[in-house]
Amino acid sequence: MKQERRTKEELFDALVRNALGFVNSSIDHLQTKPKNAIVDLYTAVELFLKARLMKEHWTLMLSKPETGDLQNLAVGDFLSVYLDDALNRIPSILGEKIDKNASDNFKALGEHRNQIVHFAHSGMDNPSKTQAGVIAEAWASWHYLHALLTGLWEGVFQPYAVELQVLNQRMMRQGEFIKTRFEILKPQIEIQEKKGKKIVPCGHCHMPAAIVGETHSWGTDYTCMVCGVDDTAVEECNAELPCPTCNAPFKFFQKGLNACPSCGHDITTDVLTNLCAKHFTQGDEWCEEGQEHIASCHKCEHPEPSVFFIDGMWSCVSCFDRGWGAVTCERCDEFVTGDMERIQYFACHKCEPLVREQMLRMVETNESGSRAEGSEEPAPIVQE
Ligand SMILES: [Zn+2]
Ligand SMILES: [Zn+2]
Ligand SMILES: [Zn+2]
Ligand SMILES: [Zn+2]
């Protein structure tokens, strides 16, 4: 039994190390062998998704989980799951939502990879165009992958945090090529501007190349022509708070701020939540007197409540997303942000694992119950 468990852990570790290796070689190839860079990065994406599935249960990484044989697994003899299946299993079995932009990006990378592997790849004729284009493509895919590995799946890939950070820094250093790509695309961006489209700086590659889409009260959707990332520019929050050490006011609602601009005092998420708890003592107009007014964030799932009502909007000082609604979940009584309909009809992010488990158990009891009695009556319908 002990031996078995160790084997599975070793396999998971080997899978992740393999995936990290492919990201590394992809970056090595970006400038000299762009085709290899795409193929390697795609392999890395598949391996990371497999590793995530494997962490849940080792059979989930097989193309047919019901044929799972631990002995075959140990010797590496198995047919593993492909991208599409992995992308389906993660929400349906793990109950985790992968951002549509991310899954679309991985699929596009997969198609590109298949073109390279199976056909002579056209469209790689002009070397400067190719290089910058491929780097931008890899850049965008890495953006989504890195966000998953360090966000939603932080708990799973935490042991590899240092390696992931090193890779992220290497990828970000490809900035020169992003500038090249911007120069190439400039005429097209200008055409879009003449057509009346609004262009803003991309929050990811920082080039003024993001075409504004829908605007909401909480922010503006955009698609970046240079790096291909779809994102939302969250409505700025200019509120200031006094530094707990030197008392100088500073703009606290920004990602990446980790010290007081005046005295250099460490500003951690804990410091921020304490500071906000003192200064933002009320929720929105729906909150009753004396009721909890700091919500738990469904986006970053920070362990402590981190969402305050700041300048007319619920704002998380851990992930700096804002504009979601906040309610008390009727199932678990937690005060949370999230999609209001989902919380009302299904579960909030706090009680979702429990609700899923209960539903599964209900299905199982219904199945075995009706079989044991041999009854002809249909099993009761279980609603989600
Ligand atoms: Zn961009
Ligand atoms: Zn200070
Ligand atoms: Zn958050
Ligand atoms: Zn709940």
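Parameters at a glance
- Residues numbered from 1 in each chain as written.
- Chains lettered and ligands numbered in written order.
- Predicted model: local features only at pLDDT ≥ 70, side-chain atom pairs only at ≥ 80, totals over all residues.
- Heavy atoms only, no water.
- Salt bridge = Lys/Arg side-chain N within 4 Å of Asp/Glu carboxyl O.
- Helix = DSSP H or I, 4+ residues; strand = E, 2+ residues; numbered from the N terminus.
- Buried < 20%, exposed > 50% of the residue type's maximum accessible area, 1.4 Å probe, protein only.
- Donors = N, O, S within 2.8 Å, 3.2 Å for Na, K, Ca; no water.
- Tetrahedral: all angles 85-135°; square planar, octahedral: opposite > 155°, others 65-115°.
- Axes fitted to C-alpha atoms, helices over the stretch in contact; angles between N-to-C directions.
- Parallel < 35°, antiparallel > 145°, perpendicular 65-115°, else oblique.
- Left-handed = near helix turned anticlockwise from the far one by under 90°.
- Contact = heavy atoms within 4.5 Å.
- Nonpolar A, V, L, I, M, F, W, Y, C, P; charged D, E, K, R; others polar.

*Asks:* Give me the pattern of salt bridges: which residues, what numbers.
*Replies:* Counted by the stated rule, this structure contains 10 salt bridges. A salt bridge links E96 to R52; the nearest nitrogen and oxygen atoms lie 3.0 Å apart. Here E96, found in the loop between helix 4 (83–94) and helix 5 (100–118), pairs with R52, found in helix 2 (residues 34–56); they are 44 residues apart in sequence, far enough to count as distant. E96 gets classed as buried once you look at its relative accessible area, which sits at 16%. Owing to a relative accessible area of 6%, R52 belongs among the buried residues under this scheme. E357 serves as the salt-bridge partner of R361, at 3.1 Å between the closest nitrogen and oxygen. Of this pair, R361 and E357 both sit in helix 12 (residues 352–373), four residues apart, which is roughly one turn of that helix. On the basis of relative accessibility, which here comes to 44%, the residue E357 falls in the partly exposed class. A single network of salt bridges, built from pairs that share partners, joins D13, R17 and E163.

*Asks:* Would you mind going over the coordination of the zinc ion (ligand 2) in detail, with residue names and values included?
*Replies:* The zinc ion (ligand 2) binds to the protein through C243 (SG), C246 (SG), C260 (SG) and C263 (SG); the donor distances cover 2.2 to 2.4 Å. For the zinc ion (ligand 2), the four donor atoms are set out with angles of 106 to 111° between them, so the coordination reads as tetrahedral. One chain supplies every donor to the zinc ion (ligand 2), and in sequence these donors are spaced C-x2-C-x13-C-x2-C. Of the two residues, C246 is situated in the loop between strand 5 (240–242) and strand 6 (249–251) and C263 in the loop between strand 6 and helix 10 (269–279); the sequence distance between them amounts to 17 residues. With a relative accessible area of 37%, C263 lands in the partly exposed category.

*Asks:* An account of the packing of helix 2 against helix 4 is needed here, citing residue identities and associated values.
*Replies:* Viewed as axis vectors pointing N to C, helix 2 and helix 4 meet at an angle of 30°, and their least axial separation amounts to 10 Å. With respect to helix 4, the axis of helix 2 lies roughly parallel. The handedness of the crossing between helix 2 and helix 4 comes out as left-handed. Residues Y42, V45, E46, L49, R52, L53 and E56 of helix 2 lie in contact with helix 4, whose contacting residues are L83, A86, L87, R89, I90 and L94. Taken together, the residues of the contact of helix 2 with helix 4 break down into nine nonpolar, no polar and four charged.

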